[in-house]
Amino acid sequence: MEEAVPLKKENGKTVMVALFQSQENIVGEVVIEPIHGKKVEHNGIKIELLGQIELYFDRGNFYDFTSLVRELDVPGELYERKTYPFEFSTVEMPYESYNGVNVRLRYILKVTISRNYVSNIVEYQDFVVRNYTPPPSINNSIKVVDKLIRKDIFPLKLNYTSMEVGIEDCLHIEFEYSKSKYHLKDVIVGKIYFLLVRIKLKNMELEIRRRESTGSGPNTYVETETLAKFELMDGAPVRDGPGISLTRATSNAFAGESIPIRLFLSPYELTPTYRNINNKFSVKYYLNLVLVDEEDRRYFKQQEITVYRLLESS
Amino acid sequence: MMLNGAEDEEKWLAEGIAGIQHNAFYMHQALDSNNLREALKYSALMLSELRTSKLSPHKYYELYMRAFDELRKLEMFFKDESKHGVSVVDLYELVQHAGNILPRLYLLCTVGSVYIKSKEAPAKEVLKDLVEMCRGVQHPIRGLFLRSYLAQISRDKLPDIGSEFEGDAETVMDAVEFVLQNFTEMNKLWVRLQHQGPGTVREKREKERNELRDLVGKNLHVLSQIEGVDLEMYKETVLPRIVEQVVNCKDDLAQYYLMDCIIQVFPDEYHLQTLETLLGACPQLQPTVDIKTVLSRLMDRLSNYAASSPDVLPEFLQVEAFAKLSKAIGKVIEAQIDMPAVGAITLYVSLLTFTLRVHPDRLDYVDQVLGACDKKLSTIPKLGDSRATKQVVALLSAPLEKYNDIVTALRLSNYPRVMDHLDNGTNKVMAMVIIQSIMKNSSCISTPDKVEVLFELLKGLIKDMDGADVDELDEEDFKEEQNSVARLIHMLYNDEPEEMLKIICTVRKHTMAGGPKRLPYTVPSLVFSALRLVRRLQGQEGDIVGEEVPATPKKIFQLLTQIIESLSIVPAPELALRLYLQCAEAANDCDLEHVAYDFFTQAFVLYEEEIADSKSQVTAIHLIIGTLQRMSVFGVENRDTLTHKATGYSARLLKKPDQCRAVYACSHLFWVDDQDGLKDGERVLLCLKRALRIANAAQQMANVARGSSGPVTLFVEILNKYLYFFEKGNPQITSAAIQDLIELIKTEMQSDSATPDTASDAFLASMLRYIQFQKQKGGVMGEKFESIKL
């Protein structure tokens, strides 16, 4: 056990548990000590390493995507404290531990003392798995950069909570984020260009939203949480309310009408992006740019980003 | 709600201040306990108070200053890493976690200040980041104050020459770039401020904007303080960038203020070397910008600069300052079609002032300015605007004041053209100014050409102008004007008689057009001016006989006759009569009998035909007698004719006392008291006797008419004459006659019907004393008087 990380239990308490990553050897020992002077009869002792996905709406149903067993003892009797070493070698743990709204992915070590006539004695020990990704390949940098710079122009397709006719001609902005893939401690850097503003904007925010979808088909459950609300702009860079546009033609210093974006991800509790984990659930992240006008109407545009866990040692 | 606007604002401000104080309290606690986390939390909360939109700039400023003071404390804390244990680099990131942008950026600037001081990153990088990040605040008031905070904290940290932040890789350019960018952004915010809120409060908004202008202007001040901004950099980078922003913002308030700011903030020599850029901007400004004031200030500064040292003058010549300014003004006027006339003229006034101060020797420049102004004025139907008129007067007065010499101004060909644009009233005012200038400086106008030009200038005073409303003339003003013109005529003088004659002819030509109202004022001056010339020529005639001499007294007298005759249209016979007599005297002195006789003839003709009023007749006849008495040029025949006329008219006056006095005055015509003078005692006595008869008749008439004898004044006066001639040795005047007369007077005085008259009493007493005095003196005269027995 090299490292301990906090883990939130069902009862809301946080405990420190061991941290592993895939392909690691999970080695340890189980100590069983009967209550003083009593003997324990059993039909055998085993330890299991389980990777489970638990869907809350399907309470009680666990899907074990990993299940490894080691027999620790043959049936017999225990009179005194006994230590059983165990080892799971290069365990394949493809998924990270995750504690979501509707779903939980956990790794546990389960020790079972089987008995006749009376119920088995079962003990659990959680541990956490995190898997690291190397930064996007350097070899592909030129191509990747081209793909990574996401530029969205949406003069005609603006999402507006209560669609209004004619809004297309009122707001024309461009924005760009330097990348589409961010590691957990990364910084989102970008710029927003205002080309046409005929709406009296009050402010602009950047939200980080997590979209967790569970189940499949008609039984798909989607939960969206806003993890961060970060104000990017106070007021709006327009000369006048309606009527005046800031096109490239009228403002020769075009760069002057841009708003910088710089959002540090470290303060927020993000996880990497999970796509279709064991056909059970996905966790995706979105950047949502929200413009609020003086009548508190909100205009937004959402972009998916990929979050990954950077291998820090490198 | 709206009614209580001010009250509400006070309330909001109070709430804001309370919020700041509240959070500052917890922030202080955190600072004291070295708790960075809490310090950041409460400082952000404190700064959140600045997010308000409810306050006017004025009140917002109050709030800002409170927060500003608190931020100083926070900065001290940030500076001391031992207190919070976080490196400044991490701190720089940490403060950026704040979710609200305004507190985040205030904190970022505060840490940024510490960051630069720590020198862990090049000042240039940090400054660039800060100025860029501040773009996030686009709300005009909040943005302006935030950037003003940035300017404030960065002022002592610019990588200027000689600054501790001047790194190897850093040049002054970075500092300049930073300030320019901040300036540009602040100006945009400031300009946008006018579009905030409803249109009805526009005026209030403009006022508020005006209060904030110095926040923007401060950046220019900072630029001017940067050591490394030399002329080269100013010319190549700083000014073009500022001007670009000024022009592009298309806002009149900002353009006016910033142009003025540039002019006031940067050194004069820079302006001189960048005139083209600076002036090039002017025609591009909004039509509503008060460019004339801007340019006037520029020219003021440049003139002062020129005046500061003669060494800088070559610079002006080298950059052709005048030509550039002149051209720029032309362009501005051309570009701003709607500029009222007053604006254009004011510009020319400024340019003229500049020219007069910087190039006083370049009269051609002055004329050029006037010419340009004339051209502009020609496009305007007629100057109705009183302010414009005032400016034209200022324009025309400036050269007079500068040169203190109208003669110089008379060389300006465009001067009269500009003056022509004035309305009649102002034209006269201007003419008066010119005359006053001449008087004040005792300028002598000495050539006919200049006189011609001058009178052309003064034509408003010299003659009736078309369309002038004669009825509206103020009598007093008119009198003063014409008196001024009369005085002016005496300032036109040349030592050369020929030239002088030409001058006189020129003046005559102009004044003759003045009409009946003006002639009585101008003719006497002209006559005396001509007579002065006559006096100068007097006696010279003999020497130059035979030559072709244009200026001879004879000729002048001919001219004078014509001049005086012109008064007949007024008519002003009394004045003409006096002038004829003056001329006669002058002719007498020139020994020109015929001329003198002719003048007398004219005088008599006037007396006979024009002077009907008895009082005027009395005055006139006495003038004639007096003048005639002094004439020495006449031969016996002419003299007889004239004296005969004079005595004849004297006896025909209406009132007896007047007759009496005129007649006894005539006695002097026969007794000229000098060596070769006529001395005809007989005729003197005749006159006096005749006077006595008339006095007697007057006495009797008084008795009959009023029942009392008139005063004895006449007798006393005649006695005086007797005594005079007695003393002068007129053999016809005897002591016996005098005794009889005294006796007569005494009897009259004692008569019951006599009217007491103290003046006569005193006169008589005085004469009796005189007789006593002469007696006592002895000698020949004493003996003579001794014969008078009292």
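Along each chain, the written sequence defines residue order, and numbers are assigned to residues from 1. Each chain gets a letter, beginning with A, and each ligand a number, beginning with 1, in the order they are written. Where totals are concerned, whole chains, interfaces and linings use all residues; where local detail is concerned, this predicted model gives features only for residues with pLDDT of at least 70, and gives and counts side-chain atom pairs only at 80 or more. Derived side-chain values reflect all non-hydrogen atoms in the structure, with water molecules and hydrogen atoms excluded from consideration.

Peer 1: Even after reading the chapter, I still don't get the overall build of chain B, so can you show me in this structure?
Peer 2: Helix numbers and strand numbers start at the N terminus; a helix is a DSSP run of H or I with at least 4 residues, a strand a run of E with at least 2. Counting its secondary structure elements, chain B contains 39 helices and zero strands. Relative to its length of 790 residues, chain B is extended, with a C-alpha radius of gyration of 46 Å against a globular reference of 28 Å. Seen through its C-alpha atoms, chain B measures out along the principal axes to roughly 140 × 70 × 55 Å. Categorising residues by exposure relies on relative accessible area from a 1.4 Å probe, with only protein chains included: less than 20% of the type maximum marks a residue as buried, more than 50% marks it as exposed, and the intermediate range marks it as partly exposed. Per-residue burial for chain B yields a buried fraction of 53% across its 790 residues. Partitioning the contacts of chain B with sequence separation of at least 6, the portion at a separation of at least 24 is 72%. Accessible surface, chain B: about 35500 Å² in total, of which carbon and sulfur atoms supply 50%. The average position of the 89 basic charges and that of the 112 acidic charges among the side chains of chain B differ by 3 Å. Between the two quantities, the radius of gyration covers C-alpha atoms and the globule rule is 2.2 Å times the number of residues to the power 0.38. Note on contacts: a residue pair qualifies if any of its non-hydrogen atoms lie within 4.5 Å across the two residues. Residue burial considers only the protein chains on display, and all accessible areas are found by Shrake-Rupley using a 1.4 Å probe. Charged residues are defined here as Lys and Arg on the positive side and Asp and Glu on the negative side; His and the ends of the chain fall outside this count. A charge is said to be at NZ when it belongs to Lys, at CZ for Arg, at CG for Asp and at CD for Glu.

Peer 1: Looking at this structure, how should I read the packing of aromatic side chains?
Peer 2: Residues and elements named next belong to chain B. Between rings of Phe, Tyr and Trp, where Trp is taken as its six-membered ring, a pair exists when centres lie within 6.5 Å; planes separated by under 30 degrees are stacked, by over 60 edge-to-face, and by other angles tilted. Following the criterion strictly, the structure yields 39 aromatic pairs over all chains and no others. Here W190 and Y257 contribute two aromatic rings whose centre-to-centre distance is 5.8 Å and whose plane-to-plane angle is 70°, an arrangement assigned as edge-to-face. Of this pair, W190 sits in helix 9 (residues 172-192) while Y257 sits in helix 12 (residues 252-265), placing them 67 residues apart in sequence. In this structure, W190 and Y257 share a single accessibility class: buried. Put simply, the rings of Y60, Y61, Y64, F68, Y106, F145 and Y149 touch in pairs and so form one group of aromatic residues.

Peer 1: What is the right way to read the interface of chain B and chain A from this model?
Peer 2: Quite often, the size of an interface is put as the accessible area lost when its parts meet. The interface of chain B with chain A comprises 28 residues on the first partner and 25 residues on the second. Criterion for a salt bridge: a side-chain nitrogen of Lys or Arg within 4 Å of a carboxyl oxygen of Asp or Glu. Inspection of the region where chain B meets chain A yields four salt bridges. Pairing of N or O atoms within 3.5 Å defines a polar contact, subject to two protein rules: one partner must be a possible hydrogen donor and the other a possible acceptor, and residues neighboring in sequence count only if both atoms are side-chain atoms. Where chain B meets chain A, there are eleven residue pairs in polar contact (both at pLDDT 80 or more). Mapped by element, the contributors of at least two residues to the side of chain B that touches chain A are helix 6 (101-118), helix 7 (123-133), helix 9 and helix 11 (231-249) of chain B. Take the side of chain B that touches chain A: its biggest share by element is four residues, from helix 9 of chain B. Residues were grouped as follows: Ala, Val, Leu, Ile, Met, Phe, Trp, Tyr, Cys and Pro as nonpolar; Asp, Glu, Lys and Arg as charged; and all remaining residues, including Gly, as polar. Of the residues in the side of chain B that touches chain A, the class split is seven nonpolar, nine polar and twelve charged.

Peer 1: Whenever I open this one, the domain arrangement of chain B confuses me. Can you help?
Peer 2: In terms of domain boundaries, chain B breaks down into domain 1 (9-121), domain 2 (136-266) and domain 3 (573-646). Just so you know, the domain bounds were taken from an automatic or database domain assignment. Inter-centroid distance (C-alpha atoms) of domain 1 of chain B to domain 3 of chain B is 105 Å.

Peer 1: I'm lost on the domain arrangement of chain A in this one. Help?
Peer 2: Residue and element names in this part refer to chain A. Domain annotation for chain A reports domain 1 (4-129) and domain 2 (161-308). Once two parts are joined, some of their accessible surface, as seen by a 1.4 Å probe, is lost; buried area is that loss totalled over both. Together, the buried faces of domain 1 and domain 2 total about 1300 Å²; carbon and sulfur atoms form 71% of this surface. On the domain 1 side of the interface with domain 2, the three residues burying the most area are F57, Y98 and V101, jointly 40% of the side's total. Counting across the interface, domain 1 meets domain 2 through zero salt bridges. At the surface where domain 1 touches domain 2, the tally comes to five residue pairs in polar contact (both at pLDDT 80 or more).

Peer 1: Teacher, can you tell me more about the pattern of salt bridges here?
Peer 2: Where charged atoms from two side chains of opposite charge approach closely, those side chains can pair. Counted under the stated rule, the structure contains 48 salt bridges over all chains. Across the pair E206(B) and R209(B) runs a salt bridge, and its minimum N-O distance is 3.6 Å. With E206(B) and R209(B) both in helix 10 (residues 202-225), this residue pair falls three residues apart, about one helical turn. Of the residues examined, R209(B) reaches a relative accessible area of 0% and is grouped as buried. In this structure, the salt-bridge partner of K502(B) is E499(B), at a minimum N-O distance of 3.4 Å. Pair noted here: K502(B) and E499(B) are both in helix 27 (residues 497-511), with a separation of three residues, about one helical turn. One connected set of salt bridges, linked through shared partners, spans K191(A), E132(B), R135(B), E185(B) and K188(B).

Peer 1: I'm lost on the packing of helix 27 of chain B against helix 28 (residues 519-537) of chain B in this one. Help?
Peer 2: The description of two packed helices rests on the angle between their axes and on the distance between the axes. Residues and elements named next belong to chain B. At a closest axis distance of 11 Å, the pairing of helix 27 and helix 28 adopts a crossing angle of 165°. In terms of orientation, helix 27 and helix 28 fall into the roughly antiparallel class. Helix 28 is crossed by helix 27, and the crossing has left-handed handedness. Here P497, M500, L501, I504, V507, R508 and T511 of helix 27 lie close against helix 28, whose contacting residues are L519, T522, L526, S529, A530, L533, R536 and L537. Axis geometry follows a simple rule: fit a line to the C-alpha atoms, using only the stretch in contact for helices, then measure angles between N-to-C directions, giving values from 0 to 180 degrees. In this scheme, roughly parallel covers angles under 35 degrees and roughly antiparallel covers those over 145, while 65 to 115 is roughly perpendicular and the rest are oblique. Crossing handedness follows the turn of the near helix against the far one: under a right angle anticlockwise gives a left-handed crossing, and clockwise gives a right-handed one.

Peer 1: Where do I start with the nonpolar core in this structure?
Peer 2: Nonpolar side chains tend to gather and get buried jointly when the protein is soluble and globular. To qualify as a nonpolar core, a set must consist of buried Ala, Val, Leu, Ile, Met, Phe, Trp, Tyr and Cys residues joined through side-chain atoms within 4.5 Å. The biggest cluster of nonpolar side chains holds 276 residues, and the ones touching the most others in it are Y415(B), I434(B) and F557(B). In terms of residue count, helix 18 (residues 341-358) of chain B provides more of this core than any other element does, twelve residues in total. Once you skip the residues sitting within four places of it in the chain, Y415(B) turns out to touch D367(B), L370(B), L396(B), S397(B), P399(B), L400(B), A409(B), M430(B), I434(B) and L457(B). In this structure, L206(A), M233(A), L263(A) and I277(A) belong to the second largest nonpolar core, which totals 65 residues.

Peer 1: Explain the side chain of T355(B) here, please?
Peer 2: Residues and elements named next belong to chain B. Inspection of the secondary structure puts T355 in helix 18. Looking at T355, the relative accessible area reads 0%, which means it is buried. Setting aside anything within four residues of it in sequence, one finds T355 in contact with F322, P360, Y365, V366 and V369.

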